[in-house]
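# Structural features, examined
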Protein chains: 2
Amino acid sequence: MSTLIWNLLITGSNELINREQNTYHHKDLRSALIEAAIGLLPASGASGLSLREVAKAAGVSHTAPYRHFKDKSALLAAIAQTGFERLSDAITTVVAAHDNDPQQQLVEAGSAYVTLGLQNPDMMHLMFGGVLDPDTLSEEFCNTSMKSFAGLVHIIEAGQKAGIFKADPPESIAITAWSMVHGLMMLIAAGHLRDMATLPEQAEQLSRIIGHNLLTGILK
Amino acid sequence: MSTLIWNLLITGSNELINREQNTYHHKDLRSALIEAAIGLLPASGASGLSLREVAKAAGVSHTAPYRHFKDKSALLAAIAQTGFERLSDAITTVVAAHDNDPQQQLVEAGSAYVTLGLQNPDMMHLMFGGVLDPDTLSEEFCNTSMKSFAGLVHIIEAGQKAGIFKADPPESIAITAWSMVHGLMMLIAAGHLRDMATLPEQAEQLSRIIGHNLLTGILK
DNA sequence: ACCTGAACACCGTTCAAGT
DNA sequence: ACCTGAACACCGTTCAAGT
């Protein structure tokens, strides 16, 4: 049968085909692949994921992913994008829970950043570990990233208006805060602080300590 | 010829063989492989390095590396080890250049950490990006890492004795400082701050800003 | 302590052809 | 919008055998 007629046929009655024969597994294979990949991440690692493995986990042939992603790195980018959105959402929730208290917002958001990151270290390595080519990062990806950063800057500005934070450029302060929690999270995730932070509680404790140091400085 | 006799022969007159026939390329293939790998790092990326590629660049067969490394990840670990030593050495030099001034030592060491890291972002991703299994990290590796951290703690303690830094546990302060510079470096290396830090001078500038914020805090 | 060469299972990617 | 199946070049790893 010609491809054209076939396409008309299946796009017209997707559900029917899904019920009658077991050929088309997913309404949204794209999401299913991303989900399967996230499930495989802990076992394979960010740099050990294989397209064929992901396809098999999603129950499709190893060529099927190419219908939704240009190549493997496009799939990886989509996974990282999902991770970034989840991180962003979680922090937004935490921030909303401490309304009108910029100082607490900052500390709690930082703590959430570290805690959530350490729940998915492989996701963090995918998002921040240089697996993805910075030049190839999708526009969507950058938007999510910039939106998160803008939220952080907004907290700083609110704190400055309330007379809590000093009057330096808010972007500078935001980068300082982000660098700190990001560095702590990455160091623990990569196993470089195993002596002092193996358990989640220890990581949480450390994130509060560095949060305090950020606020008050380390000078006497 | 039997392997035993052959081994006796070549171990007894390595240089002769090297001159007479072009078969044994390296006195120290292990180092040559690491060096070749470091050279390939910028082109291949931390997770794109292939053993065969490295062997070819070193001018040996693709099975030769197995004489010196158990497997690919052992080679990667050795590369990371080299990177860690270089980073450690560079910081030791900077610290030595500002003797008896713990505050400046801290700021300059941080700046050097960021600057040097950004000169080899792929090396940083290999060292800190989760490419290596934390459990597999060699003892040597951990020793270098711990030695560096001990040096940082020592600076903090000196500053506390001099009455410059506050009297918190020096390990807490050390982790705070390390997290900050590490986070900044990793964020820039992964391309997440391209708006504010593409040039090395901007990175250097940022590292000084966060250093200042670390010292004085962000509260008013 | 290296070499060649073959072999194995796996990988990303690209086809042609089918439903 | 999926499928199978074959193909390609590449990969990590393991051999056997040679120098």
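Residues numbered from 1 in each chain as written. Chains lettered and ligands numbered in written order. Predicted model: local features only at pLDDT ≥ 70, side-chain atom pairs only at ≥ 80, totals over all residues. Heavy atoms only, no water.

## What to know about the nonpolar core
Convention followed: For the purposes of this section, nonpolar cores are sets of buried Ala, Val, Leu, Ile, Met, Phe, Trp, Tyr and Cys residues that join through side-chain atoms within 4.5 Å. Working definition: with a 1.4 Å probe on protein chains only, accessible area under 20% of the residue-type maximum means buried, over 50% means exposed, and in between means partly exposed. Note on definitions: a residue-residue contact is assigned when non-hydrogen atoms from the two residues lie within 4.5 Å.
Core analysis: the biggest nonpolar cluster contains 133 residues, and A:Ile79, A:Leu106, A:Phe128, B:Ile79, B:Leu106 and B:Phe128 have the highest contact counts within it. When sequence neighbours within four positions are dropped, the list of residues in contact with A:Ile79 reads A:Ile34, A:Ala37, A:Ile38, A:Leu41, A:Leu49, A:Met123 and A:Leu126.

## A few points about a negative patch on the surface
Residues and elements named next belong to chain A. Quick reminder of the rule: A residue counts toward a patch only above 30% relative accessible area and without a salt bridge, and it is joined to like-charged neighbours within 9 Å or, for Val, Leu, Ile, Met, Phe, Trp and Tyr, to nonpolar neighbours within 5 Å. Each accessible area is a Shrake-Rupley result for a 1.4 Å probe, and residues are judged covered by the shown protein chains and nothing else. Should a side-chain nitrogen of Lys or Arg be within 4 Å of a carboxyl oxygen of Asp or Glu, the pair is scored as a salt bridge. Only four residue types enter the tally: Lys and Arg on the positive side, Asp and Glu on the negative side; His and the chain ends are excluded. Charged side chains are reduced to one point each, which is NZ for Lys, CZ for Arg, CG for Asp and CD for Glu. A run of DSSP states H or I qualifies as a helix once it reaches four residues; a run of E qualifies as a strand once it reaches two. Both are numbered from the N-terminal end.
A cluster of acidic residues, Glu85, Asp89, Glu139 and Glu140, forms a negative patch on the protein surface. Among the elements of the structure, helix H5 (72-97) and helix H8 (139-161) are those that each provide at least two residues to the negative patch. Relative to the assigned elements, aspartate 89 resides in helix H5.

## Some points on the pattern of salt bridges
Between side chains of opposite charge, pairing is possible as soon as their charged atoms come close. Scanning the model with the defined rule gives 11 salt bridges over all chains in all. We note a salt bridge from A:Asp71 to A:Lys70, for which the minimum N-O separation is 3.1 Å. By relative accessible area, which is 26% here, A:Asp71 ends up partly exposed. A salt bridge links B:Lys166 to B:Asp168; the shortest N-O distance between them is 3.9 Å. On the accessibility criterion, B:Lys166 (11% relative accessible area) is buried. Exposure remark for B:Asp168: the relative accessible area of 26% places this residue in the partly exposed category. Each of A:Glu108, A:Glu204 and A:Arg208 takes part in a single network of salt bridges with overlapping partners.

## Remarks on unusual backbone geometry
Residue and element names in this part refer to chain A. In the Ramachandran plot, asparagine 100 falls in the positive-phi region, its phi being about 65° despite a non-glycine side chain. Inspection of the secondary structure puts asparagine 100 in the loop between H5 and helix H6 (102-119). You can call asparagine 100 exposed: its relative accessible area is 73%.

## Examining the packing of helix H5 (residues 72-97) of chain B against helix H6 (residues 102-119) of chain B
All names here are of chain B. For the record, the criterion: The axes used here are C-alpha line fits, helices contributing only the stretch in contact, and every angle between their N-to-C directions lies in the interval 0 to 180 degrees. Here is the rule for handedness: rotate from the far helix to the near one, and if that takes an anticlockwise turn smaller than a right angle the crossing is left-handed, while a clockwise turn gives right-handed. Charged means Asp, Glu, Lys or Arg here, nonpolar means Ala, Val, Leu, Ile, Met, Phe, Trp, Tyr, Cys or Pro, and polar covers whatever is left, Gly included.
With their axes 9 Å apart at the nearest point, H5 and H6 run at an angle of 150° to one another. In the crossing of H5 with H6, the sense of the turn from one axis to the other is right-handed. Here Arg86, Leu87, Ala90, Ile91, Val94 and Val95 of H5 lie close against H6, whose contacting residues are Gln105, Glu108, Ala109, Ala112, Tyr113 and Leu116. Across the contact of H5 with H6, the residue classes break down as 9 nonpolar, 1 polar and 2 charged.

## Focus: the domain arrangement of chain A
Residue and element names in this part refer to chain A. Our working rule: The domain boundaries here were taken from an automatic or database domain assignment. Here's the idea: put two parts together, see how much 1.4 Å probe accessible area each one loses, and the total over both is what we call buried area. Throughout this description, a polar contact denotes any pair of N or O atoms lying within 3.5 Å of each other; where both atoms belong to protein, one of them has to be capable of donating a hydrogen while the other can accept it, and for residues adjacent in sequence the pair is counted only when both atoms sit in side chains.
For chain A, the assigned domains are domain 1 (1-69) and domain 2 (79-220). Taken residue by residue, the interface counts 9 residues in domain 1 and 8 residues in domain 2. Counting the surface lost from both domain 1 and domain 2, the interface buries some 710 Å², and carbon and sulfur atoms represent 72% of this. Where domain 1 packs against domain 2, one counts 1 salt bridge. One salt bridge connects glutamate 35 with arginine 86, and the closest N-O pair in it is separated by 3.1 Å. The interface formed by domain 1 and domain 2 contains 1 residue pair in polar contact (both at pLDDT 80 or more). Of the residues belonging to the side of domain 1 that touches domain 2, the class tally is 7 nonpolar, 1 polar and 1 charged.

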